[in-house]
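So the chains spell out like this:
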Amino acid sequence: MTAQSKSVMGLVDFLRNSWFLIAFIAGVIYWAARQDSSLDDLARADSRITALENRTTILETGIGQLQIKIDTIRDDVALIKSAVIR
């Protein structure tokens, strides 16, 4: 055997004996890549939630104003009823 074939065989033996370490490192790299993409998803979700909160606030304000108008109309109708009944 030549020195080059011995070094190749040594490398093959090293890889065969350390497959678990290689799989672990690949798993860590995959996990880190997934976490990085998850941060983008979280940022998008956060901006969507903020937009929805703003829309909800606007709708609640509008509903409150409508409720005040409805109460005023209800009071006016009650006054008209009482005036007609008399």
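Residues numbered from 1 in each chain as written. Predicted model: local features only at pLDDT ≥ 70, side-chain atom pairs only at ≥ 80, totals over all residues. Heavy atoms only, no water.

Student: I keep staring at the packing of aromatic side chains and nothing clicks. Help me out?
Tutor: Both the distance between ring centres and the angle between the ring planes are used here to describe each pair of aromatic rings. A full pass over the atoms with the stated rule returns one aromatic pair. Measuring from ring centre to ring centre gives 5.9 Å for Trp19 and Phe20, while their planes differ by 90 degrees; the resulting arrangement is edge-to-face. Accessibility expressed as a relative area gives 58% for Phe20, which makes it exposed. (Phe/Tyr/Trp six-rings, centres within 6.5 Å; stacked < 30°, edge-to-face > 60°. Buried < 20%, exposed > 50% of the residue type's maximum accessible area, 1.4 Å probe, protein only.)

Student: Got a minute to help me understand the UniProt feature "transmembrane region" (unreviewed entry) in the chain in this structure?
Tutor: The feature "transmembrane region" (unreviewed entry), as given by UniProt, occupies residues 14-33 in the numbering adopted here. Span residues 14-33 is 95% helix and 0% strand, its end C-alpha atoms 27 Å apart. (UniProt positions renumbered as here; feature names shortened; annotations may be inferred. Helix = DSSP H or I, 4+ residues; strand = E, 2+ residues; numbered from the N terminus.)

Student: Hey, could you run me through the environment of Ala83 in this one?
Tutor: Along the chain, Ala83 falls in helix H2 (residues 19-85). When its relative accessible area of 54% is taken as the criterion, Ala83 is described as exposed. Ala83 sits 11 residues away from Thr72 along the chain, and the two C-alpha atoms are 17 Å apart.

Student: Just to check I follow, could you spell out the pattern of salt bridges for this structure?
Tutor: Any two side chains of opposite charge can pair, given that their charged atoms come close. Within the structure shown, the criterion is met by three salt bridges. The partner of Asp13 in a salt bridge is Arg16, with the nearest N and O atoms 3.1 Å apart. Of this pair, Asp13 and Arg16 both sit in helix H1 (residues 3-17), three residues apart, which is roughly one turn of the helix. Classification of Asp13 as partly exposed rests on a relative accessible area of 32%. What makes Arg16 exposed here is its relative accessible area of 52%. (Salt bridge = Lys/Arg side-chain N within 4 Å of Asp/Glu carboxyl O.)

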